[in-house]
Amino acid sequence: MTVFFLIICLPLNIVFHELGHVFCFIFMKIEMKKICIGPLMFTKTDKWKLAYSKHNNKCYVVPKVKHNKNKEYYINSIRKSLIFGPAVSFFFLCLYLVYLGINYNLLLNNRIEMMLVLFNIAINVSILHGCFTYNKSSVGDIYLFIKSKNHECILDDYFYDLL
Ligand SMILES: [Zn+2]
């Protein structure tokens, strides 16, 4: 049972993070072309289709690059969406930390629940850490958010590569 929970904890936290991006795009009325969560890849041509992703260690949401929106609005929306994923992860991290703080004494007597809470904290710390990274295989949300402040064209380049 514990193993089962541990196995679903990781994808669940990642899904929440990606949903942060997705809901922000929906809210800002920016069309999306691709939502990738590990091996699951949803792509949109005229309607959404599910496919298997070869790069199954990657998670990202790609907006429509060719759009008819005002450029400033488009860039602002994308930057908001970039920060909304990490914001959701940060929210969950705080939630687990508060839960740990409030129930610390109870959790000391319940190893399984303690392990689950600590595991969820570790996952969200690791997701947030990933948001700052920049290397060949991954570009973090927050890294991209900061870089795109004065160089908005890097957003187009980044999303073109993912399409
Ligand atoms: Zn993200």
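## Brief notes about the confidence of the model for the protein
Overall, the predicted model of the protein reaches an average pLDDT of 90, with 98% of residues at or above 70. When pLDDT is averaged over each element of the protein, helix α2 (residues 71-102) comes out on top at 95 and helix α6 (residues 153-162) at the bottom at 83.

## A few points about the nonpolar core
Val61, Ile78, Phe84, Phe92, Leu93, Ile127 and Leu128 are the most contacted members of the largest nonpolar core, which has 21 residues in total. Breaking this core down by element, the ones donating at least two residues are α1 (2-27), β1 (32-37), β4 (59-63), α2 and α4 (111-132). Considering each element in turn, this core owes the most residues, nine residues, to α2.

## So, the sheet that holds β1
The four strands are arranged β3-β2-β1-β4 in an open sheet whose pairing can be described as antiparallel. Since the sheet does not close on itself, it has two edges, and those belong to β3 (48-52) and β4, each with one partner. Averaged over neighbouring strand pairs, the angle between their axes works out to 15° when direction is ignored. Direction of pairing for β1 relative to strand β2 (residues 40-44): antiparallel, over a ladder of four bridges. Following the sheet pairing, Lys34 is matched in β2 by Thr43.

## Some words on the pairing of β2
Hairpin connection of β1 to β2: two residues between the antiparallel strands, including Gly38 at a positive phi of 60°. As paired strands, β2 and β3 are joined by five bridges and run antiparallel to one another. Across the sheet, residue Leu40 finds its bridge partner in β3, namely Tyr52. The turn joining β2 and β3, which pair antiparallel and follow one another in sequence, is formed by three residues.

## As for the packing of α2 against α4
When two helices pack together, their arrangement is captured by the angle between the axes and the distance separating the axes. Contact pair α2 / α4: the axes reach a minimum separation of 9 Å and the direction vectors enclose 150°. It follows from the interaxial angle that α2 and α4 lie roughly antiparallel. The handedness of the crossing between α2 and α4 is left-handed. Taken together, the residues of α4 that come into contact with α2 (itself represented by Pro86, Ser89, Phe90, Phe92, Leu93, Tyr96, Leu97, Tyr99 and Leu100) are Val117, Asn120, Ile121, Asn124, Val125, Ile127, Leu128 and Cys131. Here the residues of the contact of α2 with α4 are counted per class, giving 14 nonpolar, three polar and no charged.

## A few points about the environment of Phe119
Summarising the element assignment, Phe119 is placed in helix α4. Assessed through the 17 C-beta atoms surrounding it within 10 Å, Phe119 is described here as partly exposed. Excluding residues that lie within four positions of it along the chain, Phe119 makes contacts with Leu6 and Cys9.

Reading the values: rules and limits
- Residues numbered from 1 in each chain as written.
- Predicted model: local features only at pLDDT ≥ 70, side-chain atom pairs only at ≥ 80, totals over all residues.
- pLDDT = per-residue confidence, 0-100.
- Helix = DSSP H or I, 4+ residues; strand = E, 2+ residues; numbered from the N terminus.
- Core = buried A, V, L, I, M, F, W, Y, C linked by C-beta atoms within 7 Å.
- Buried ≥ 20, exposed ≤ 12 C-beta atoms within 10 Å, placed from the backbone.
- Pairing = 2+ DSSP bridges.
- Axes fitted to C-alpha atoms, helices over the stretch in contact; angles between N-to-C directions.
- Parallel < 35°, antiparallel > 145°, perpendicular 65-115°, else oblique.
- Left-handed = near helix turned anticlockwise from the far one by under 90°.
- Contact = placed C-beta atoms within 7 Å.
- Nonpolar A, V, L, I, M, F, W, Y, C, P; charged D, E, K, R; others polar.

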